[in-house]
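# Residue-level structural notes
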Amino acid sequence: MSTEIKKQKKMTLTIPADEPMACGHLACQGCGATLAMRYMLKALGQRTALCIPACCWAVIDGPYPYSSLDVPIYHCAFETAASTATGVKAGLEMVGDKETTVVAWAGDGGTFDIGLQALSGAAERNEDIIYVCYDNEAYMNTGIQRSSATPYGAWTTTTPVKHFKTRPKKDIVSIMAAHRIPYIATASVSHPEDFVKKMKKAKGIKGTRFFHVYAPCPTGWKSRPEDSIKLARMAVQNAYFPLFEVEDGENYAINLKLKDKKPVDDYLRLQGRFRHLTDVQIAAVQAEVDARWERLLKLAG
Amino acid sequence: MRPKKAKKVVFKSAAEMPLLICSVGHQTHNLTGAWRNIRPEVDRSKCIQCGICWKFCPEPAIEIVDEWPVVDYDYCKGCGICAEECPSKCIVMVEERK
Ligand SMILES: Cc1ncc(C[n+]2csc(CCOP(=O)(O)OP(=O)(O)O)c2C)c(N)n1
Ligand code: SF4
Ligand code: SF4
Ligand SMILES: [Mg+2]
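What comes next concerns the included structure.

Criteria and cut-off values
- Residues numbered from 1 in each chain as written.
- Chains lettered and ligands numbered in written order.
- Predicted model: local features only at pLDDT ≥ 70, side-chain atom pairs only at ≥ 80, totals over all residues.
- Heavy atoms only, no water.
- Helix = DSSP H or I, 4+ residues; strand = E, 2+ residues; numbered from the N terminus.
- Buried < 20%, exposed > 50% of the residue type's maximum accessible area, 1.4 Å probe, protein only.
- Contact = heavy atoms within 4.5 Å.
- Buried area = accessible area lost by both parts, 1.4 Å probe.
- Salt bridge = Lys/Arg side-chain N within 4 Å of Asp/Glu carboxyl O.
- Polar contact = N/O pair within 3.5 Å; in protein donor to acceptor, adjacent residues only side chain to side chain.
- Nonpolar A, V, L, I, M, F, W, Y, C, P; charged D, E, K, R; others polar.
- Pairing = 2+ DSSP bridges.
- Axes fitted to C-alpha atoms, helices over the stretch in contact; angles between N-to-C directions.
- Patch = residues over 30% accessible without salt bridge, like charges linked within 9 Å, V, L, I, M, F, W, Y side chains within 5 Å.
- Areas by Shrake-Rupley, 256 points an atom, 1.4 Å probe, with all protein chains shown as cover.
- Near = heavy atom within 4 Å.
- 1 Å grid on protein atoms, 1.4 Å probe; cavity = no way out; pocket = protein on both sides within 12 Å on 5 of 7 lines; lining within 4 Å.
- Sits in = over half its atoms within 2 Å of the grid points.
- Disulfide = S-S within 2.5 Å.
- Phe/Tyr/Trp six-rings, centres within 6.5 Å; stacked < 30°, edge-to-face > 60°.
- Parallel < 35°, antiparallel > 145°, perpendicular 65-115°, else oblique.

## With respect to the overall build of chain B
Counting its regular elements, chain B contains 2 helices and 5 strands. When the helices and strands of chain B are read in sequence order from the N terminus, they spell out β-β-α-β-β-α-β. Taking all 98 residues of chain B together, 42% fall into the buried category. In chain B, the share of contacts with a sequence separation of at least 24, taken over all contacts with a separation of at least 6, comes to 66%.

Written out as structure tokens, the structure is:
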């Protein structure tokens, strides 16, 4: 195997080469949440401390005293990611460390549901932390139960096919924008360059910064592990999960303009959790996605 | 790259435990390659050296060695993302035989 095959060119890597996440972790094959962590740490570097509540990531990292990450992790109670990060930041400042970036890293259940109160409190006080919600659209760690981030139509173990979820996904970005925090961004594992760019930008801002990251979960979505990136990309391109940022709660900017917005049908069809949906129900999903996109276009002016 | 087979760290007493909450060793002793039932194989004659497989591997089990992607089979879980995302289709997933 070698050079004789072809002249080697220099590889141009589009994201930082540093690898603060190591192999040997416990995530399922094709886990999007794992890639989200990898990209975030590439952007923030080693001078970072994480606060992780109960969620898949509390397991993925590995059992104490080992870890898959090169940064300290404070494992905290399910509802306390934002308040723990607030305390860690305050503690570090008391011992004179003003540089370390403190990140609360939680799932959608820990953010949209049980951790919302602590998150709202921290955001209202404008605590100097980055809060990242990796969204796999259900409580995956405990066996795929519905959360308020689970979208309309989805099967979960608590919303079985006969009683699939009929309520839409909670709009967490609008909730956070209403707190008028300095920076909010959505990101997707299919667009790591955009993710890294926005995370680096956030690092340089003071105050509460919130990231909503789309993280496909083959186990919970009943999708093929090799489709994780493809699904995330489709969700961006069909405006199911658009990439945008919000500054000071009101300045919206769309990061990826969609010239020809794709239909949601193909995206839904690749996932077992939506298999039962009829054409009429899929049209309802499309109408909801279109309405959300129109609203976003207006906000971004 | 980090050392492959990390030594198991054993604390003899509480006094040896670190004060700060942090890891005392990485998880690399856990060879997740054993989870795999299909393996990616890279055909260098078709590889355009774009680094996309490296970028999207969730382990990350693809290293860049001499400007080529090299799969570390001690850790690759066989998810198939690299083969799916490769723009020149030079990675194929083949069945593992024991
Ligand atoms: C107070 C409390 N209630 C319930 C649990 C059980 N629990 C642990 S993880 C989890 C689900 C987490 O879901 P999410 O935040 O979406 O993260 P994911 O597992 O999907 O990554 C639950 C219900 C807990 N640890 N603490
Ligand atoms: S259940 Fe889903 S989010 Fe959790 S480790 Fe597995 S793939 Fe990742
Ligand atoms: S099959 Fe999955 S785990 Fe293995 S090298 Fe490819 S992307 Fe990485
Ligand atoms: Mg979840």
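Further notes follow.
## Concerning the interface of chain A and chain B
Contacts between the two partners involve 57 residues from chain A, matched on the other side by 47 residues from chain B. Across the interface of chain A and chain B, roughly 4,200 Å² is buried in total on both sides, 57% from carbon and sulfur atoms. Contact with chain B buries surface across chain A, with A:Met11, A:Cys23 and A:Tyr66 losing the most and accounting together for 20% of the total. Here chain A is connected to chain B by 5 salt bridges. At the boundary of chain A with chain B, the tally comes to 20 residue pairs in polar contact (both at pLDDT 80 or more). Every element with two or more residues in the side of chain A that touches chain B is listed here: α1 (32-44), β2 (66-67), β3 (73-75), α7 (192-203) and α9 (228-237) of chain A. Residue composition of the side of chain A that touches chain B, by class: 28 nonpolar, 14 polar and 15 charged.

## Observations concerning the pairing of strand β4 (residues 101-107) of chain A
Note on strand geometry: in a regular strand, side chains alternate between the two faces of the sheet. All names here are of chain A. Counting buried positions over the 7 residues of β4 gives 7, a clear majority of the element. With burial as the criterion, each face of β4 is covered, one bearing Thr101, Val103, Trp105 and Gly107 and the other bearing Val102, Ala104 and Ala106. Where strand β1 (residues 48-52) meets β4, 4 bridges bridge the pair, whose relative direction is parallel. When the bridges of β4 are listed, leucine 50 appears paired with valine 103. Of the pairings in the sheet, the one linking β4 to strand β5 (residues 130-135) comprises 5 bridges and is parallel in character. Bridge pairing links glycine 107 to tyrosine 134 in β5.

## Brief notes about the sheet that holds strand β6 (residues 183-188) of chain A
All names here are of chain A. Spatially, 8 strands are ordered β3-β1-β4-β5-β7-β6-β8-β9 in an open sheet, and the strand pairing comes out mixed. Sheet topology places β3 and β9 (251-254) at the edges, where each strand pairs with a single neighbour. Mean inter-strand twist for the sheet, computed between neighbouring axes without regard to direction, equals 20°. Pairing of β6 with strand β7 (residues 209-214), which is carried by 6 bridges, proceeds in the parallel orientation. Paired with isoleucine 184 across the bridge in β7 is phenylalanine 210.

## A closer look at a nonpolar patch on the surface
Taken together, A:Leu26, A:Val59 and B:Trp35 make up a surface patch of nonpolar side chains, about 230 Å² in accessible area. Within the secondary structure, A:Val59 sits in helix α2 (residues 56-60). Of the residues examined, A:Val59 reaches a relative accessible area of 41% and is grouped as partly exposed.

## As for the site of ligand 3
All names here are of chain B. Close to ligand 3 lie 13 residues, the nearest being Cys57, Cys76, Cys79, Gly80 and Cys82. Judged by the fraction of its atoms near the pocket grid, ligand 3 is located in the largest cavity. Taken together, the residues that form the shell around ligand 3 break down as 9 nonpolar, 2 polar and 2 charged.

## Structural notes on the state of the cysteines
Note: disulfide means a covalent bond formed between the sulfur atoms of two cysteine side chains. Residues and elements named next belong to chain B. Enumeration over the complete set of coordinates arrives at 0 disulfides over all chains. Here cysteine 50 stays unpaired: no disulfide links it, and the sulfur of cysteine 86, its closest cysteine neighbor, is 6.0 Å away. Not part of a disulfide, cysteine 90 finds its nearest cysteine sulfur in cysteine 86, a span of 3.7 Å. A residue is classified by how much of its surface remains accessible, and cysteine 90, at 5% relative accessible area, is buried.

## Quick notes on the packing of aromatic side chains
Residue and element names in this part refer to chain A. Under the criterion given, the structure shown has 11 aromatic pairs over all chains. Aromatic pair phenylalanine 78 and tyrosine 139: ring centres 6.1 Å apart, planes at 75°, arrangement edge-to-face. In this pair, phenylalanine 78 is assigned in the loop between β3 and α3 (81-94) and tyrosine 139 in the loop between β5 and α6 (172-177), connecting sequence segments 61 residues apart. In this structure phenylalanine 78 comes out as partly exposed when scored by relative accessible area, which is 25%. A centroid spacing of 5.9 Å and a plane angle of 90° characterise the contact between tyrosine 152 and phenylalanine 164, whose relative ring orientation is edge-to-face. Taken together, the positions of tyrosine 152 in the loop between β5 and α6 and phenylalanine 164 in the loop between β5 and α6 put the pair 12 residues apart, joining distant regions of the chain. A relative accessible area of 17% places tyrosine 152 in the buried class.

## Regarding the site of ligand 1
All names here are of chain A. The local shell around ligand 1 holds 17 residues, among which Gly109, Gly110, Tyr134, Ala138 and Asn141 are the closest. A distance of 2.9 Å separates an oxygen atom of ligand 1 from a polar backbone atom of alanine 138. In the complex, 74% of the free accessible area of ligand 1, which totals 580 Å², lies under the protein chains. With 3 residues, helix α4 (residues 108-113) is the largest single contributor of residues to the shell around ligand 1. Among the residues making up the shell around ligand 1, the classes are represented as 9 nonpolar, 6 polar and 2 charged.

## Focus: the packing of α3(A) against helix α5 (residues 116-124) of chain A
All names here are of chain A. Two elements in contact, α3 and α5, have axes whose closest approach is 6 Å; the angle formed by their N-to-C orientations is 40°. By the angle between their axes, α3 is oblique relative to α5. Here Ala82, Ser83 and Thr86 of α3 lie close against α5, whose contacting residues are Ala118, Leu119 and Ala122. Residues that form the contact of α3 with α5 fall into these classes: 4 nonpolar, 2 polar and no charged.

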